[in-house]
Amino acid sequence: MDGHTHHHTSDRRELQMARSMCWHCQSEVSGEYFCDRCVKVQPVSKELDYFTCFGFPRRLSIDQQKLETKFYELSRAFHPDFYQNKSDAEQTISLGNSAMLNTAYRTLRDPIQRAEYLLDLEAGSVKDIRTTPPADLFEEILELQDTLDEFRASDRTSDAAAALRSQLQSERTALEGRQRDMETQLQQLFGRWDGLQDRGEATDQARAERDRILKDMRDILSNRTYVKNIVNDLVATIA
Amino acid sequence: MARIVGIDLGTTNSLVAYMDKGTPRVIAGRHERAMVPSVVALTDNGLIVGDPAKEHLTRNPERTVYSVKRFMGKGLADVQNELAYFPYTLTEKGGVIRIKLGEKTYSPPQISAMILKELKLRAEAFLGESITKAVITVPAYFNDSQRQATKDAGMIAGLEVLRIINEPTAASLAYGLQEKTQGTIAVYDLGGGTFDISILKLKNGIFEVLATNGDTHLGGDDFDQLIADIFVTDIRQQYGLDLKAFPDHMQGIRLEAERAKIRLSDELKTTVNLELPDGKGLFTRELTREQLESLCNALVERTLGPCRLALKDAGLTAADIDEVVLVGGSTRMPLVRQRVQALFGTQPHCELNPDEVVALGAAVQADILSGGTTDMLLLDVTPLSLGIETMGGVMSSLIRRNTTIPASAKEMFTTYVDGQTGVDIHILQGERELAKDNRSLARFRLKVPPLPAGVPRIEVTFLIDANGILNVMAKDMRTGETQSIEVKPSYGLSDQEVERMIEDSFKFAADDVSARKLIEARLDAGALIITTEKSLTDGGQLISADEVTAIRQVLSVLAAAKDGNDPRTIRARMADLEQAAKSLTVAMLDDSLKRGLQGKKVSEVT
């Protein structure tokens, strides 16, 4: 297929839809998703971020229980099942809102996706896709690639292949450990981010700290994705 | 709001259910049977459906269609290796299978529509109102084409399909309503032709599907076929007879295999008797449950893989499952129950009739849609990943499998050549890397204004609705204009074709109704003849010999009329017989009253 580019998330800011007025009765809509006057459902604005949609502050630690409760509550408010007897316009809004809600829940529920999403909101760019190994893993990964190639070329029933396989197994364990370390570091960064936000300081120092956290988070996230892909490839090869 | 019924459109049997003051109930037809065999036969008097059609499986195998669900949303190439098993003729037109019945060919949605119409008529007769809206169930693992084909079938049958819901989740609604269960449940659904596993989380009336998996080509039919195959082999060895040359006997064997399988769910061994062709006599064979189980073991084993995958996708292990629910007639097999229990480590539930529970759940969903039930909400998922073909024939995934529906994804498209006026988009469904290994859903051409390369920006939204069916919308980001997209389905009927089939169904409806009236009249006449004969035997001595002769004469006139082709004549002769036999009925009633009173005191009677 020709002429196809990836822009999953970049349009959020381009499309600003006013949501201050009810589409149906033109009266002012204060905050929630239903018009105070005519009780019609309102489309979730495309500029509304997922955190706000759930009524959560932009923090990286989330109470999963609260998130689920809110998801169920909003599902009851938006799901097309409850709009069967309503007008076409309301059915369309219900469908759009439900689809958006489901995406928001899926994103916020998973800590990695949540962090990637926040990074996108705060730093305004899509995630880095790493094509070369991170510096501290460079040697190790190159060696692993050689071992993988050797294994792929080997006669799987031979002793040599068995030796390579067990070598790859221990590589896998090491890389998975590495992945967990990165996740621990991310958790620490999450805490630092949330603390900084809670303090709400507007100093240069705070701004520098904010940029540092975001940069570190971006680096670790892209390294983690890289390692994860290597592990997936490894698992598929020795399976 | 008009009443909405729930329909289970099954591979072997179909049912219709409705909500009766908060309780879902299936609607029974004649003889109190709720199940309508999913069989359509072409007879000299037109097309017939259900129980009477089932009788034609052995009488008229080339003109009797069964298991049509297997062909929904499929092309001929998809079913190549099972063609030999079906006695009726399949062809293909425009990527859609067609079934030949006499001079005409029918698409699978048209055949399914005949079954749906039968259920619609049954519901209308029972509820005494016109039924035009329905919720229809499909296997959870049905892809977009198969769902669309089911929706088309509803339209052809004159039903507005308000929702397509998944069979295992429908079952969970029926159970949830009854038990008010909370926790994590697994629904194992092994039907006539399909297998589904769904893992759900139930909490405060929300039924959230975490993951689903399955096989749309695995079910009771396959067990029957294996059993039938050993009979065929035995008969070839013992009698040197190749039954494959006798389609009517092949159908007889298949049905006998099914009956033997059902008996072996309660018994440890059973005897099979089959009439052989060419006057070769009777084939008799014993079949034990052990033999059946070793025969079917591999097929049952095949259901466990999807169960493990669903658990993995849900991020759970078998130990996390609180309850297991069994759905579908095939879960009556002890072997299936053992395997399921061993896998999940918990005794499965089967309190609700596994044949009816899906239809009951569909009725619950219908009630939710009509605003009756408001405390329950089903959040289902899409079973397969949805994507588009990108450079190099690779599938780029847009909406992953097990994503909660409604779900949407947006993609931006532009051009590579100056003045390019279109971009071809190929939509796929499946889990494989390469486009060619996945299911092709549809193709369409995005219209682009002629501009320098890279300038156009067309945003395409792929939206999977609550039915699990894909909708595509496009918007030119420069002008803000939306464009309608003509999607050409890879394995489905075009809108025009569905329109035409709806018109056809009205045209043939008149023929169908008269065929139906004739069959019903014959059945009723047969029943009246039998009861009158019984009355003559039991109470003939209560009336005069002349009266008996008179009744017998009217009875033989009715018997002759019954073989004719006019339902009105049959009904008229039935009325004659009822009139003639009145004296007998009255005499018998008097007699029984008299005998009832004997030996009792007057005070007891008054």
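Residues numbered from 1 in each chain as written. Chains lettered and ligands numbered in written order. Predicted model: local features only at pLDDT ≥ 70, side-chain atom pairs only at ≥ 80, totals over all residues. Heavy atoms only, no water.

1. Points about the overall build of chain B
Here's step 1: Broken down by element type, chain B carries 15 helices and 28 strands.
Here's step 2: Projected onto its principal axes, the C-alpha coordinates of chain B cover approximately 100 × 65 × 50 Å.
Here's step 3: Among the 606 residues that make up chain B, the fraction classed as buried is 56%.
Here's step 4: Counting only contacts in chain B whose residues sit at least 6 apart along the sequence, the fraction spanning at least 24 positions is 65%.
Here's step 5: Surface accessibility of chain B: about 26,000 Å² in total, with carbon and sulfur atoms responsible for 51%.
Here's step 6: Averaging the positions of the 70 positive and the 82 negative side-chain charges in chain B gives two centres separated by 1 Å. (Helix = DSSP H or I, 4+ residues; strand = E, 2+ residues; numbered from the N terminus. Buried < 20%, exposed > 50% of the residue type's maximum accessible area, 1.4 Å probe, protein only. Contact = heavy atoms within 4.5 Å. Areas by Shrake-Rupley, 256 points an atom, 1.4 Å probe, with all protein chains shown as cover. Lys, Arg positive; Asp, Glu negative; His and termini not counted. Charge placed at Lys NZ, Arg CZ, Asp CG, Glu CD.)

2. Brief notes about the pairing of strand E3 (residues 23-26) of chain B
Residue and element names in this part refer to chain B.
Here's step 1: With 4 bridges joining them, strand E2 (residues 13-20) and E3 adopt antiparallel strand pairing. Residue pairing across strands places Ala17 opposite Val26, the latter belonging to E3.
Here's step 2: Turn length for the E2-E3 hairpin, with the two strands adjacent in sequence and antiparallel, is 2 residues, and the turn residue Lys21 shows positive phi of about 50°. (Pairing = 2+ DSSP bridges.)

3. Here we look at the domain arrangement of chain A
Residue and element names in this part refer to chain A.
Here's step 1: For chain A, the domain assignment lists domain 1 (13-109) and domain 2 (135-238).
Here's step 2: Each of domain 1 and domain 2 has a C-alpha centre, and the two are 36 Å apart.
Here's step 3: Across the boundary between the two partners, domain 1 contributes 4 residues, which contact 6 residues of domain 2.
Here's step 4: Taken together, the two surfaces of domain 1 and domain 2 that pack against each other cover about 480 Å², and 51% of this comes from carbon and sulfur.
Here's step 5: For the pair domain 1 and domain 2, the interface holds 1 salt bridge.
Here's step 6: The salt bridge partner of Arg59 is Asp198, with a shortest N-O separation of 2.7 Å.
Here's step 7: Between domain 1 and domain 2 we count 4 residue pairs in polar contact (both at pLDDT 80 or more) in total. (Domains from an automatic or database assignment. Buried area = accessible area lost by both parts, 1.4 Å probe. Salt bridge = Lys/Arg side-chain N within 4 Å of Asp/Glu carboxyl O. Polar contact = N/O pair within 3.5 Å; in protein donor to acceptor, adjacent residues only side chain to side chain.)

4. Overview of the nonpolar core
Here's step 1: Formed by 60 residues in total, the largest nonpolar core has its most connected members in Phe54(A), Phe78(A), Leu175(A) and Met217(A).
Here's step 2: Looking at this core element by element, the count peaks at 12 residues for helix H7 (residues 204-238) of chain A.
Here's step 3: Non-local contacts of Phe54(A), meaning those with residues more than four positions away in its chain, are made with Leu67(A), Lys70(A), Phe71(A), Leu101(A), Ala104(A), Tyr105(A) and Leu108(A).
Here's step 4: Counting 57 residues, the second largest nonpolar core, distinct from the first, contains Tyr66(B), Leu76(B), Val138(B) and Ile156(B). (Core = buried A, V, L, I, M, F, W, Y, C linked by side-chain atoms within 4.5 Å.)

5. Comments concerning unusual backbone geometry
Residue and element names in this part refer to chain B.
Here's step 1: Ile405 connects to Pro406 through a cis peptide bond whose omega is 0°.
Here's step 2: Relative to the helices and strands, Pro406 is located in the loop between strand E21 (394-399) and strand E22 (407-413).
Here's step 3: For Asn402, which is not glycine, the phi torsion reads 65° and is therefore positive.
Here's step 4: Tracing the chain through its elements places Asn402 in the loop between E21 and E22.
Here's step 5: With a relative accessible area of 13%, Asn402 lands in the buried category.

6. Some words on the packing of aromatic side chains
Here's step 1: Here the structure, examined in full by the defined rule, presents 14 aromatic pairs over all chains.
Here's step 2: Between Tyr50(A) and Tyr117(A) the ring centres are 4.3 Å apart and the planes differ by 10°, which places this aromatic pair in the stacked class. In this pair, Tyr50(A) is assigned in helix H1 (residues 50-53) and Tyr117(A) in helix H4 (residues 111-123), connecting sequence segments 67 residues apart.
Here's step 3: Judged by its relative accessible area of 14%, Tyr50(A) is buried.
Here's step 4: Considering the side-chain rings of Phe71(B) and Tyr88(B), the 6.5 Å spacing of their centres and the 85° angle between planes classify their relative orientation as edge-to-face. Linking Phe71(B) in the loop between strand E7 (64-66) and strand E8 (89-93) with Tyr88(B) in the loop between E7 and E8, this pair joins segments that are 17 residues apart in sequence. (Phe/Tyr/Trp six-rings, centres within 6.5 Å; stacked < 30°, edge-to-face > 60°.)

7. Concerning the sheet that holds E8(B)
All names here are of chain B.
Here's step 1: On the basis of which strands lie adjacent, the open sheet formed by 3 strands has the order E8-E9-E10 and antiparallel pairing. Bordering the open sheet on either side are E8 and strand E10 (104-106), each of which pairs with just one other strand. Between one strand and the next, the sheet's axes are offset by a mean angle of 40°, whatever the strand orientation.
Here's step 2: Examined bridge by bridge, E8 and strand E9 (residues 96-101) share 5 bridges and lie antiparallel to one another. (Axes fitted to C-alpha atoms, helices over the stretch in contact; angles between N-to-C directions.)

8. Overview of the packing of H4(A) against H7(A)
Residue and element names in this part refer to chain A.
Here's step 1: Taken N-terminus to C-terminus, the directions of H4 and H7 make an angle of 135°; their axes are 10 Å apart at the nearest point. With respect to H7, the element H4 is oriented oblique. Between H4 and H7 the crossing geometry is left-handed. For the pair H4 and H7, contact is made by Ile112, Ala115, Glu116, Leu118, Leu119, Glu122 and Ala123 and by Arg210, Leu214, Met217, Arg218, Leu221, Arg224 and Thr225, respectively.
Here's step 2: Partitioning the contact of H4 with H7 into residue classes produces 8 nonpolar, 1 polar and 5 charged. (Parallel < 35°, antiparallel > 145°, perpendicular 65-115°, else oblique. Left-handed = near helix turned anticlockwise from the far one by under 90°. Nonpolar A, V, L, I, M, F, W, Y, C, P; charged D, E, K, R; others polar.)

9. Description of the state of the cysteines
Here's step 1: For the structure on display, the rule yields 0 disulfides over all chains.
Here's step 2: For Cys296(B), which is in no disulfide, the shortest distance to another cysteine sulfur is to Cys307(B) and amounts to 17 Å. (Disulfide = S-S within 2.5 Å.)

10. Side note on the sheet that holds strand E6 (residues 46-49) of chain B
All names here are of chain B.
Here's step 1: Across the sheet, 3 strands lie side by side as E6-E5-E7; this open sheet has antiparallel pairing. Either end of the sheet is taken by a strand with one partner, and the two such strands are E6 and E7. Going from strand to strand, the sheet's axes swing by 15° on average, the running direction of each strand aside.

11. Some words on the interface of chain A and chain B
Here's step 1: Taken together, the contact between chain A and chain B spans 32 residues of the former and 50 residues of the latter.
Here's step 2: For the pair chain A and chain B, the two sides together bury roughly 3,400 Å², of which 52% comes from carbon and sulfur.
Here's step 3: Counting every contact that joins chain A to chain B gives 3 salt bridges.
Here's step 4: In this structure, Asp81(A) engages Arg163(B) in a salt bridge whose closest nitrogen and oxygen atoms are separated by 2.2 Å.
Here's step 5: Scanning the region where chain A abuts chain B turns up 8 residue pairs in polar contact (both at pLDDT 80 or more).
Here's step 6: At the level of secondary structure, the elements contributing two or more residues to the side of chain A that touches chain B comprise strand E1 (4-5), helix H2 (64-78) and helix H3 (88-109) of chain A.
Here's step 7: The element best represented in the side of chain A that touches chain B is H3(A), accounting for 8 residues.
Here's step 8: Across the side of chain A that touches chain B, the residue classes tally to 9 nonpolar, 14 polar and 9 charged.

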